[in-house]
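A look at the structure
One-letter residues, chain by chain:
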Amino acid sequence: MEKRRTSLFENGLIWFGAGVSIAEILTGTYLAPLGFGKGLAAILIGHVIGCTMLFFAGLIGARTRKSAMETVKMSFGQKGSLLFSLLNVLQLAGWTAIMIYDGALAADGVIKTGAWLWCLVIGALILLWIAIGITNLGKINTVAMAALFVLTLILSKVIFFGGAHAGIISGEGMTFGAAVELSVAMPLSWLPLISDYTREARSPVKATAVSAVVYGVISCWMYVIGMGAAIYTGVYDIAQIMLKAGLGIAALLIVIFSTVTTTFLDAYSAGISSESIAAKLNGKYVAAAVTVIGTGAAILFPMDNITDFLYLIGSVFAPMTAIQIADFFLLKRDSSRTAVNAASLLVWLAGFAAYRILMNIDMPVGNTLPCMVITVALCVIAQLLTKRGRDAKALQTPGEADL
């Protein structure tokens, strides 16, 4: 029986759901000190950079029909890739907890029942999404996304056409480069899992393009809503803005379903990544376990500022993806049959260090793009040096044989 593949429309819905997120709206509020014009420019530049990388990362999985962490083996080897699979499961578990925490706080701002109860509600709905499975979510996702689309339009109208005027934003200033980097950070966080979904697509290249474009547009929209809310209403709590607008239950639906549709992808991909660590693991069971753990963490621990978490993700996965892009598109190299590609791991370590160093330098394009350019260049240089070493050894061997 032929395996069912996802359509372009279904892939678009998946990434629409990824983009509609309370976390993205909250991140957008951080850009308010720049003002609307500069903030919008930073959002657009950052998302062009991030979503371009997202497209190339997703295209590798789409063309090879491999999950995200399976494609990592092509650059780092069977054992070398385990480091990234483990780090990916950890970051996705972290995202699951953060998303549930943010969603529960916002839901509790709409209807006061205690954030812990909303954590349980959101966690239960994510488990339901996992049980249904990615290829069977078509009709449910269509209904959920249609509702979210209408409700976010209403929210945008309230913020931008509600008669409020731009105010002066107090607080610490943010440089333009830092704002660009925060805008890159969200699409960057999806790099190590987009292939989990593009590999299932009926039309690999088109589906990858649709995924990257839809996510980019919607993510920009969420950032602008958050930034606009802070600038035009002076309120950073999106739930309070929705309540003041009289949205009531509609506000609750926005919060709950946007959290579920985004966090489902985190938990689901944590399960898929775990299968790359140990083949005997069942991805659905691991995804369910990650959801339960994330729900518990959201109840027990405060998670109000995620900027350091975003930068840590960038420093790990930006150079990793740069090496994958260089290997697949430029060098045409596949190390999946080797145990460890030590050269790639060394290049990644250099890329990681470069990212952390560049964090201290304010650049108009942020530090992700320069880090990835440096990493690709190092990858190409390492390949040339390795090839030269092999060629020199091959030339010496006949002479040694004659002796």
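Above this text you will find the structure in question.
Now for a description of the structure that goes with this document. Since the structure is predicted, the reported quantities are computational estimates derived from the model, not experimental observations.

1. Topic: the packing of helix 12 (residues 249-277) against helix 13 (residues 283-300)
With their axes 7 Å apart at the nearest point, helix 12 and helix 13 run at an angle of 130 degrees to one another. Accordingly, the angle class assigned to the pair helix 12 and helix 13 is oblique. Seen along the crossing, helix 12 lies across helix 13 with a hand that is right-handed. Judged by residue contacts, Ala267, Tyr268, Ala270, Gly271, Ile272, Ser274 and Glu275 of helix 12 engage Gly283, Val286, Ala287, Val290 and Thr291 from helix 13. Classifying every residue of the contact of helix 12 with helix 13 gives seven nonpolar, four polar and one charged.

2. A few points about helix 15 (residues 342-358)
Taking 1.5 Å of rise per residue, the 17 residues of helix 15 would be expected to cover 24 Å, and the 24 Å separating its terminal C-alpha atoms lies within 8% of that figure. Among the residues making up helix 15, those that are buried are Ser344, Val347, Trp348, Gly351, Ala354, Tyr355 and Leu358. Angularly, the buried residues of helix 15 cover 120 degrees about the axis, an arc narrow enough to put them on a single face. Residues of helix 15 that are exposed and angled more than 90 degrees away from the buried face: Leu346 and Ile357. For helix 15, the N-terminal cap is asparagine 341; the gap from its side-chain oxygen to the backbone nitrogen of alanine 343 is 3.3 Å.

3. So, the nonpolar core
Counting residues in each nonpolar core, the largest one holds 116 residues, and the members touching the most others are Trp95 and Ile238. Ranked by residue count, the leading element in this core is helix 12, at 13 residues. Those residues in contact with tryptophan 95 that lie beyond four places of it in its chain are Ala23, Met186, Ser189, Asp266, Ile306, Phe309, Leu310 and Ile313.

4. What about the packing of aromatic side chains?
As enumerated under the stated definition, the model contains 17 aromatic pairs in all. Ring plane angle 80 degrees and centroid distance 5.0 Å describe the contact between phenylalanine 328 and phenylalanine 329, whose orientation is recorded as edge-to-face. On the numbers, 5.7 Å between centres and 40 degrees between planes, the contact of tryptophan 348 with phenylalanine 352 is tilted. Remark: phenylalanine 352 and tryptophan 348 occur in helix 15; sequence separation between them is four residues, near one turn of the helix. The exposure class assigned to tryptophan 348 is buried, which follows from its relative accessible area of 9%. By the ring-pair criterion, three or more aromatic residues cluster together here, those being Trp15, Trp190, Tyr197, Tyr215, Phe264 and Tyr268.

Definitions and cut-offs
- Residues numbered from 1 in each chain as written.
- Predicted model: local features only at pLDDT ≥ 70, side-chain atom pairs only at ≥ 80, totals over all residues.
- Heavy atoms only, no water.
- Axes fitted to C-alpha atoms, helices over the stretch in contact; angles between N-to-C directions.
- Helix = DSSP H or I, 4+ residues; strand = E, 2+ residues; numbered from the N terminus.
- Parallel < 35°, antiparallel > 145°, perpendicular 65-115°, else oblique.
- Left-handed = near helix turned anticlockwise from the far one by under 90°.
- Contact = heavy atoms within 4.5 Å.
- Nonpolar A, V, L, I, M, F, W, Y, C, P; charged D, E, K, R; others polar.
- Expected span 1.5 Å × (residues − 1).
- Buried < 20%, exposed > 50% of the residue type's maximum accessible area, 1.4 Å probe, protein only.
- Arc of directions from axis to C-beta.
- Polar contact = N/O pair within 3.5 Å; in protein donor to acceptor, adjacent residues only side chain to side chain.
- Core = buried A, V, L, I, M, F, W, Y, C linked by side-chain atoms within 4.5 Å.
- Phe/Tyr/Trp six-rings, centres within 6.5 Å; stacked < 30°, edge-to-face > 60°.

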